[in-house]
Amino acid sequence: MRFNELTNMMEHNLQHTTSLLGRTPAVLNALLRDLPDVWTRRNEGEKTMSVYDVVGHLIHAEHTNWMPRARTLLQFGETQAFGPFDRWGHLQECQGKSLAQLLDEFARVRSENLAELRALNLRPEDLARRGRHPALGPVTLSELLATWAAHDLTHLHQISRIMAHQYRQVVGPYSAYLGVLQCAGRSSG
C-alpha cells in the first residue's frame, strides 16, 4: 500500500467488515474477562454506561438491530421501516448475569449472526438495496453493515474511555498527555 492510499477513505467491503466484526468478541474477552468489578461496573457519571452495560448493549444490538434490520431491508426494501432500537433495552436482559456470561453470550450470538450474514451470499446489487431507517430515512444494506462495524469500534473506544475515566484523578498531571482522558464524549449508547 502506498502512502497516499492511506489518506483516502475506505470503500465498504463486506469481507473487511465481517473480518472486523468477527474479532470484536475476542478483543472484549481478552480485555475484560476476570477483571475486578471496579473496572467493569463503574461508569462516567449520570446517564452513562459502564463497561458491563456496553457489553449488554452489544448483545441487545445483535438480537434486535443488525441482522433483523438486514432481513427487513432484504424482504421489504423501503416499504417497511426498521423497528425502533432501544439503546437501554439491555438492562432487563442482563439482570443477574455475570460479565463472563455476557462475554460468552456476545461471542455466541455474534458468531450466529455472522454465519447468517455469510449464508445470504450477498452480491453488490444486494448491498445497494435500500431499506428505511425510522429516523434517518433511506439507507443501503452496505451502509447498515458498515455501521455495524463502526458501532463496534465506537464501543471499543467507549470501553477504553470508561476504564481510563476510573483513573482520571490518580494519574495526576499526566492526564494532560492522555488523549483518552481528554475525550469530550460521554456516550450513553
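Here the structure is a predicted model, which means the values were calculated and not measured.

**As for the nonpolar core**
Here is step 1: In this structure, Leu-14, Leu-117, Leu-122, Leu-127, Leu-141, Leu-145 and Trp-148 are the most contacted members of the largest nonpolar core, which totals 19 residues.
Here is step 2: Ranked by size, the runner-up nonpolar core spans 17 residues in total, among them Leu-32, Phe-106, Ile-159 and Ile-162.

**Remarks on the confidence of the model for the protein**
Here is step 1: Looking at the protein, the pLDDT average stands at 91 and 92% of residues meet or exceed 70.
Here is step 2: Per-residue pLDDT, averaged within each element of the protein, yields its smallest value for helix 1 (residues 3-6) (52) and its largest for helix 7 (residues 99-119) (98).

**Quick notes on the packing of aromatic side chains**
Here is step 1: Here the structure, examined in full by the defined rule, presents 2 aromatic pairs.
Here is step 2: Taking the centre distance of 6.1 Å and the plane angle of 10 degrees together, the rings of Trp-66 and Trp-148 count as stacked. Of this pair, Trp-66 sits in helix 5 (residues 66-76) while Trp-148 sits in helix 9 (residues 141-165), and the two are 82 residues apart along the sequence.
Here is step 3: Judged by relative accessible area, Trp-66 falls into the buried class, the value being 5%.
Here is step 4: The ring of Tyr-52 carries Arg-41 above its face, with NZ or CZ at 3.6 Å from the centroid.

Scoring rules and cut-offs
- Residues numbered from 1 in each chain as written.
- Predicted model: local features only at pLDDT ≥ 70, side-chain atom pairs only at ≥ 80, totals over all residues.
- Heavy atoms only, no water.
- Core = buried A, V, L, I, M, F, W, Y, C linked by side-chain atoms within 4.5 Å.
- Buried < 20%, exposed > 50% of the residue type's maximum accessible area, 1.4 Å probe, protein only.
- pLDDT = per-residue confidence, 0-100.
- Helix = DSSP H or I, 4+ residues; strand = E, 2+ residues; numbered from the N terminus.
- Phe/Tyr/Trp six-rings, centres within 6.5 Å; stacked < 30°, edge-to-face > 60°.
- Lys NZ or Arg CZ within 6 Å of the ring centre and 35° of its normal.

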